[in-house]
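Working through the structure, step by step
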Amino acid sequence: MILLDYNQIALANIIVQKLQDEELIRHMILNSIRMYNKNYRDEYGQMVICADGINTWRKEYYPQYKANRKSTRATSELDWNEIFRVLNMVREEIKENLPYKVLHMEGCEADDIIGALTYETQEFGKYEPIMIVSSDKDFKQLQKFKNVKQFSPALKKLVEEKHPRKYLFEHKCRGDSGDGIPNVLSPDNCFVDGLKQTPLRATVIEFWEENLDNMPQEVVRNYQRNETLIDLSKIPEHIYNSIIQEFDSQKPAMKMKVLNYLIKKRCKNLIEVVEEFYNG
């Protein structure tokens, strides 16, 4: 499977190129999908479009999750309401007209979809190669599975993590400032209230990795907070099951619809390479 992180890839291009025009955003998204499908379909098979839903379980569990992104966008010169309108519209167009499963579910993020589908390939009889197309460093943890590789559009190369289990432990200890998750020495409100994180030395992380039982009790609570938010093996069971059920039940659009869709949307350059949208 090719697991494509829809929002991450689209937004990265929009921000870099300062795109706001509906036709340009659509063309950029479709061209990216075409390119990754062409590059990886022969080795990895079907593409799955994985998109962020709303009202995610992480936000419910931890209200400070990604809280600063809203204020950052409020000061941006880009019209984010329009951008998300177009992203949502194009996502539905893809589901209706392109031969890929499109998973977009309330309560979960693309991270959950990619994580659940990857873990599901470890089940008996379901093993298949996985290519994750995303620049999100959270997916390094999935390289503990031998069938998983990741291509980063931002770096334009494969992301290789030699020690994914060690990386995950360090990631949980250090948190993720981009997602509003403090390190294990800092309180929940650290980022939303503009507080400085308590410094966390690498030697301390290394000690805890070998002696987790020696982690102070007040730190254990924060570690569990970060583990819940970051570790993709901790996806709530009902979320995991709903993802797998949606994947198993969804039928992609027939490939004969692709050409008519590209003609209707006047995607001239893409019409010329329409076969590159088809599955391998």
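As a starting point, this report considers the structure included with it. (Residues numbered from 1 in each chain as written. Predicted model: local features only at pLDDT ≥ 70, side-chain atom pairs only at ≥ 80, totals over all residues. Heavy atoms only, no water.)

1. Overview of the environment of Leu 158
The topology assignment puts Leu 158 in strand β6 (residues 157-159). Taking relative accessible area as the criterion, Leu 158 reaches 36% and is therefore assigned partly exposed. Residues Leu 158 and Trp 80 lie 78 residues apart in sequence; the distance between their C-alpha atoms is 30 Å. If near-sequence neighbours (up to four positions away) are discounted, Leu 158 is found in contact with Met 131, Gln 150 and Phe 151. (Helix = DSSP H or I, 4+ residues; strand = E, 2+ residues; numbered from the N terminus. Buried < 20%, exposed > 50% of the residue type's maximum accessible area, 1.4 Å probe, protein only. Contact = heavy atoms within 4.5 Å.)

2. A word on the packing of aromatic side chains
Within the structure shown, the criterion is met by six aromatic pairs. For the pair Tyr 119 and Phe 145, a centre-to-centre distance of 5.0 Å together with 85° between the ring planes defines the contact as edge-to-face. In this pair, Tyr 119 sits in helix α6 (residues 110-120) while Phe 145 sits in the loop between β4 (130-133) and β5 (148-152), placing the two residues 26 residues apart along the sequence. In this structure, Tyr 119 and Phe 145 share a single accessibility class: buried. A connected cluster of aromatic rings, assembled from ring pairs, spans Tyr 36, Tyr 40, Tyr 44 and Phe 151. The ring of Phe 247 carries the charged tip of Lys 101 above its face, separated from the ring centre by 3.9 Å. (Phe/Tyr/Trp six-rings, centres within 6.5 Å; stacked < 30°, edge-to-face > 60°. Lys NZ or Arg CZ within 6 Å of the ring centre and 35° of its normal.)

3. What about the pattern of salt bridges?
Going through the model one piece at a time under the given rule, you end up with 22 salt bridges. In this structure, Glu 22 engages Arg 85 in a salt bridge whose closest nitrogen and oxygen atoms are separated by 2.8 Å. With Glu 22 in helix α2 (residues 22-44) and Arg 85 in helix α5 (residues 80-97), the pair connects residues that are 63 residues apart, well separated along the chain. In this structure, Arg 85 and Glu 82 form a salt bridge, with 2.8 Å as the shortest nitrogen-oxygen distance. On the criterion of helical spacing, the pair formed by Arg 85 and Glu 82 is a turn pair, its members being three residues apart in helix α5. Judged by relative accessible area, which is 25%, Glu 82 ranks as partly exposed. Within this structure, Glu 22, Arg 26, Glu 82, Arg 85, Glu 93 and Lys 265 form a network of salt bridges that share partners. (Salt bridge = Lys/Arg side-chain N within 4 Å of Asp/Glu carboxyl O.)

4. What to know about helix α11 (residues 256-264)
Every buried residue belonging to α11 is among Val 258, Tyr 261 and Leu 262, and all of these are buried. The arc that holds every buried residue of α11, seen down its axis, measures 95°, which confines them to one face. Exposed side chains of α11 directed beyond 90 degrees from the buried face belong to Met 256, Asn 260 and Lys 264. Packing partners of the buried residues in α11 comprise α2, α5 and α12 (268-271). Among the residues trailing α11, Arg 266 stands out with phi positive, at a value near 55°. (Arc of directions from axis to C-beta.)

All quantities given are derived from atomic positions and should not be read as evidence of function.
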